[in-house]
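# Fold and contact review
Each chain is listed here by its residues.
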Amino acid sequence: MRDVLTASVGELLAEGEADWVMVDSLIGTAEEHAEVHGGDSRDISVELLGELLTEGLMEIGDLRESGFEAWTCSVEESLARSSTRRAGSAARVPAGRSPRTPQG
C-alpha cells in the first residue's frame with residue numbers, strides 16, 4: 001500500500017507545509033484509496049497517519065485560539081486519541097522539514 005499512497009502522501013505534505021491539515025482530510029484520502037484499491041478506509045487512515053507520525057513527516061495536535069498545539073504523546077497514543085477526537089484534530093509538517101519527499 002505504501003507505494004500506492006505515495007502521491008496522496010505528497011499532497012498531504014504539501015498542504016501541511018502551507019497550513020495545517022485537518023485529520024478529516026487525511027481520512028478522506030484513505031477513503032478515496034479504499035474506493036479505488038479496496039481495503040478498509042479506517043485501517044488505511046490509521047496506517048497512513050501512523051507512518052506520517054513515525055517518520056516525523058507530520059505532527060498531530062489541536063487547533064486552539066492560540067493556533068496549532070502539537071500533542072506530546074507517543075505515536076500509539078496519538079493514533080488512539082485521533083480515532084476518538086476526530087473533530088478539531090489537525091496535523092502539520094514540523095518546522096524545518098521539507099514536505100516534498102518522505103525523506104524530507
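Here, the structure is the one placed above.
Residues numbered from 1 in each chain as written. Predicted model: local features only at pLDDT ≥ 70, side-chain atom pairs only at ≥ 80, totals over all residues. Heavy atoms only, no water.

## Overview of the nonpolar core
- Ranked by size, the top nonpolar core spans 22 residues in total, and within it Leu13, Leu48, Leu52 and Met58 carry the most contacts.
- Elements with a minimum of two residues in this core: α1 (2-18), α2 (23-37) and α3 (41-54). (Core = buried A, V, L, I, M, F, W, Y, C linked by side-chain atoms within 4.5 Å. Buried < 20%, exposed > 50% of the residue type's maximum accessible area, 1.4 Å probe, protein only. Helix = DSSP H or I, 4+ residues; strand = E, 2+ residues; numbered from the N terminus.)

## Section: the pairing of strand β4 (residues 89-92)
- Two strands pair when backbone bridges link them, and strand β1 (residues 21-22) and β4 are joined in this way by two bridges, in the antiparallel orientation. Residue pairing across strands places methionine 22 opposite alanine 90, the latter belonging to β4.
- As paired elements, strand β2 (residues 59-64) and β4 share four bridges and run antiparallel to each other. Paired with glutamate 59 across the bridge in β4 is arginine 92. (Pairing = 2+ DSSP bridges.)

## Some details on the side chain of serine 45
- Within the secondary structure, serine 45 is located in helix α3.
- When its relative accessible area of 11% is taken as the criterion, serine 45 is described as buried.
- Aside from chain neighbours lying at most four places away, what touches serine 45 is Leu26, Ile27 and Ala30. (Contact = heavy atoms within 4.5 Å.)

## Examining the packing of aromatic side chains
- A full pass over the atoms with the stated rule returns zero aromatic pairs.
- Above the face of the tryptophan 71 ring, arginine 81 is positioned so that its terminal group lies 4.1 Å from the ring centre. (Phe/Tyr/Trp six-rings, centres within 6.5 Å; stacked < 30°, edge-to-face > 60°. Lys NZ or Arg CZ within 6 Å of the ring centre and 35° of its normal.)

## Details of the sheet that holds β1
- One open sheet holds the four strands; their spatial order is β1-β4-β2-β3, and the pairing between them is antiparallel. A strand with exactly one partner marks an edge of an open sheet, and here the two such strands are β1 and β3 (67-70).

## Description of a negative patch on the surface
- A cluster of acidic residues, Glu11, Glu15, Asp19, Glu31, Glu32 and Glu35, forms a negative patch at the surface.
- For the negative patch, the secondary structure elements donating two or more residues are α1 and α2.
- For the negative patch, the leading source of residues is α2, giving three residues.
- Checked against the element boundaries, glutamate 35 lands in helix α2. (Patch = residues over 30% accessible without salt bridge, like charges linked within 9 Å, V, L, I, M, F, W, Y side chains within 5 Å. Areas by Shrake-Rupley, 256 points an atom, 1.4 Å probe, with all protein chains shown as cover. Salt bridge = Lys/Arg side-chain N within 4 Å of Asp/Glu carboxyl O. Lys, Arg positive; Asp, Glu negative; His and termini not counted. Charge placed at Lys NZ, Arg CZ, Asp CG, Glu CD.)

## A closer look at the pattern of salt bridges
- Evaluated as defined, the whole model comprises three salt bridges.
- In this structure, arginine 64 engages aspartate 62 in a salt bridge whose closest nitrogen and oxygen atoms are separated by 3.2 Å.
- Judged by relative accessible area, which is 45%, arginine 64 ranks as partly exposed.
- With a relative accessible area of 4%, aspartate 62 lands in the buried category.
- Note that glutamate 69 is salt-bridged to arginine 64, the shortest N-O span being 3.1 Å.
- According to the relative accessible area criterion, glutamate 69 is partly exposed, its value standing at 33%.
- Among the charged side chains, a salt-bridge network with shared partners connects Asp62, Arg64, Glu69 and Arg81.

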